[in-house]
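Spelled out, the chains give:
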Amino acid sequence: MRPVLLAAVMLALSCKNDKAPPPPPPPPPTSATPVERPKIEAAEQAVVLANAQLGFELYRSVSATPGNVVVAPWSISSALGMTLAGARGETAAELQKAAHFPADGHLGFQWLNRALLAPGRPGVRVGLANRLFVKQGMPVLPPFAAIALEDYGAPLEGLDFAKPEEARTHVNQWVDAQTQHRVTELLPAGALTADSRLVLATAVALKGSWRTAFDPARTTPRPFTLADGTSVPVPTMRHGKLRGRWASLDDVELLELPFRGDSLVLDVMLPKGPLAALEASLDSTRYAAWVGRLVLKDLDVSLPRFRVSQAVDLASVLRGLSVQTAFVPGKADFSLVNADVPLVLSGARHQAS
């Protein structure tokens, strides 16, 4: 089994009235002075911790609905980071708090994206793609466009939202191509209207091979225990002597499996008690402490083979994380995108598989 993760996020900004009075002017663009490596490393670490915390909170929110869960925090964090770059005031404060976005977050994303896309990873392919689909003829302020392009690799593309279904098809086709045809319809019918002004789309794809491969001949049906205590037979991979890092802690067993090249790993948590109790306790600080206690061992590992896909109404999740003002016409402030157009967040969707 080769692990594959593909995900996409869409956030749409709309406008009901293009003639509202302009808010105060945005601040000047930041200096292009070279950044020292210690500052870059601090920014990267801050983004990693923020992304982990957001991931656990997203997981708790989405897992409230019965069934398997799959979310891609990196894709969502990137989308929120770009959205935050265009926000001011209370709108920005709510987005920053929900995403746990650090002070040098844009810088951290820039260098982490470079690291993820760097060549020289045998057996692992990472794809990141971001794009801003903006209404044809609507100007975008240079500082916002610069952050989107330089820190997130997101170019601008003009789109005719006067034909919303054609625009929706175009965005979906872009996402479909970026996710290797696994996310074919991120935007459902009606997601865009003639009032749409900007669609922020992100896609991430990861495909990798284990450093120590599982023999397909050893994959057999074995019982898997569900959250309610019942068990069902599932195809289960087995490796009797796998070199990996492992820890047995009070609440959980933690297993870390490296991909080829050792630059990326998969962490697997096995609760010792009720799954719900473990889910409720997860946060970035506790997780980092657990990882710090991993030790290298020869292990007998059994893992279920599975495929899961999920589409999430990210707008409702963000509201649950106290993002409110961004959705309210007349209160939302995205004046760092365009100071003359009163933009409001009209929709947000996430899909991963």
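The sections below set out a description of the structure shown in this document. This is a predicted model, so every value here is computed, not measured.

## Focus: the overall build of the chain
Scanning the chain for helices and strands turns up nine helices and eleven strands. At 21 Å, the chain has a C-alpha radius of gyration in line with the 20 Å of a compact globule built from 353 residues. Taken along its principal axes, the extent of the C-alpha atoms in the chain is 65 × 45 × 35 Å. Taking all 353 residues of the chain together, the buried fraction comes to 44%. Relative to all contacts within the chain whose residues are 6 or more apart in sequence, the contacts with residues 24 or more apart total 75%. Here the chain contributes 35 positively and 32 negatively charged side chains, and the mean placements of these two sets differ by 6 Å.

## Quick look at the packing of helix α2 (residues 73–85) against helix α3 (residues 89–99)
The geometry of α2 relative to α3 is characterised by a closest axis approach of 9 Å and an angle of 160 degrees between their N-to-C directions. Regarding the angle of α2 to α3, the classification is roughly antiparallel. In terms of crossing hand, the pair formed by α2 and α3 is left-handed. Touching Leu-80, Thr-83 and Leu-84 of α2 are Ala-92, Leu-95, Gln-96 and Ala-99, all from α3. Of the residues assigned to the contact of α2 with α3, the class counts are five nonpolar, two polar and no charged.

## Topic: the nonpolar core
Burial of nonpolar side chains together is a common tendency in soluble globular proteins. Counting residues in hydrophobic clusters, the biggest one holds 52 residues, and the most contacted among them are Leu-11, Leu-80, Leu-132, Leu-314, Leu-318 and Phe-334. Examining the composition of this core, we find that seven residues originate from one element, α2, more than from any other. Setting aside anything within four residues of it in sequence, one finds Leu-132 in contact with Met-82, Phe-144, Ala-148, Ala-154, Pro-155, Leu-156, Glu-157, Leu-198, Val-199 and Leu-200. Met-10, Trp-174, Val-183 and Leu-186 belong to the second-largest nonpolar core, a separate cluster that totals 17 residues.

## Let's talk about the pattern of salt bridges
A full pass over the atoms with the stated rule returns eight salt bridges. The residue Arg-211 makes a salt bridge to Asp-262 at a minimum N-O spacing of 2.8 Å. Within this pair, whereas Arg-211 is found in the loop between β4 (196–208) and β5 (220–225), its partner Asp-262 is found in the loop between β7 (252–258) and β8 (265–271), the two being separated by 51 residues in sequence. A salt bridge links Arg-243 to Asp-298; its shortest N-O distance comes to 3.4 Å. In this pair, Arg-243 is assigned in strand β6 (residues 231–248) and Asp-298 in strand β9 (residues 295–304), connecting sequence segments 55 residues apart. By sharing partners, the salt bridges in this structure join Glu-165, Arg-168 and Glu-185 into a single network.

## A look at the pairing of strand β2 (residues 124–135)
As paired elements, β2 and β4 share eleven bridges and run antiparallel to each other. Bridge pairing in β4 places Val-134 opposite Leu-198. Here β2 pairs with strand β3 (residues 156–159) via four bridges, running parallel. When the sheet's bridge partners are listed, Val-134 is paired in β3 with Gly-158.

What counts and what doesn't
- Starting afresh in each chain, residues are numbered from 1 along the sequence in its written order.
- Confidence filtering applies because this is a predicted model: local features only for residues at pLDDT of at least 70, side-chain atom pairs given and counted only at 80 or more, and all residues used for totals across whole chains, interfaces and linings.
- Only hydrogens and water are set aside when side-chain values are computed; all heavy atoms of the structure are taken into account.
- Here a helix means four or more residues in a row that DSSP labels H or I, a strand means two or more in a row labelled E, and each is numbered from the N terminus.
- Here the globule rule is a power law, 2.2 Å times the number of residues to the power 0.38, and the radius of gyration is based on C-alpha atoms.
- Exposure is judged per residue with a 1.4 Å probe applied to protein chains only, and the accessible area is read against the type maximum: over 50% gives exposed, under 20% gives buried, and values in between give partly exposed.
- Whether two residues are in contact is decided by their heavy atoms, any of which lying within 4.5 Å being enough.
- In this count, Lys and Arg are taken as positive residues and Asp and Glu as negative ones, while His and the chain termini are left out.
- Charge positions are represented by NZ for Lys, CZ for Arg, CG for Asp and CD for Glu.
- Axis lines are fitted through C-alpha atoms, for helices just across the contact stretch, and the angle between N-to-C directions can take any value from 0 to 180 degrees.
- Angles are sorted into four bins: roughly parallel if under 35 degrees, roughly antiparallel if over 145, roughly perpendicular if 65 to 115, and oblique for all others.
- When the near helix sits turned anticlockwise from the far one by under a right angle, the crossing is termed left-handed; a clockwise turn instead gives a right-handed crossing.
- Polar here means any residue outside two lists: the nonpolar Ala, Val, Leu, Ile, Met, Phe, Trp, Tyr, Cys and Pro, and the charged Asp, Glu, Lys and Arg; Gly therefore counts as polar.
- Each nonpolar core is a collection of buried residues, namely Ala, Val, Leu, Ile, Met, Phe, Trp, Tyr and Cys, held together in the definition by side-chain atoms within 4.5 Å.
- Each reported salt bridge corresponds to a side-chain nitrogen of Lys or Arg within 4 Å of a carboxyl oxygen of Asp or Glu.
- At least two bridges found by DSSP between two strands are what make those strands a pair.

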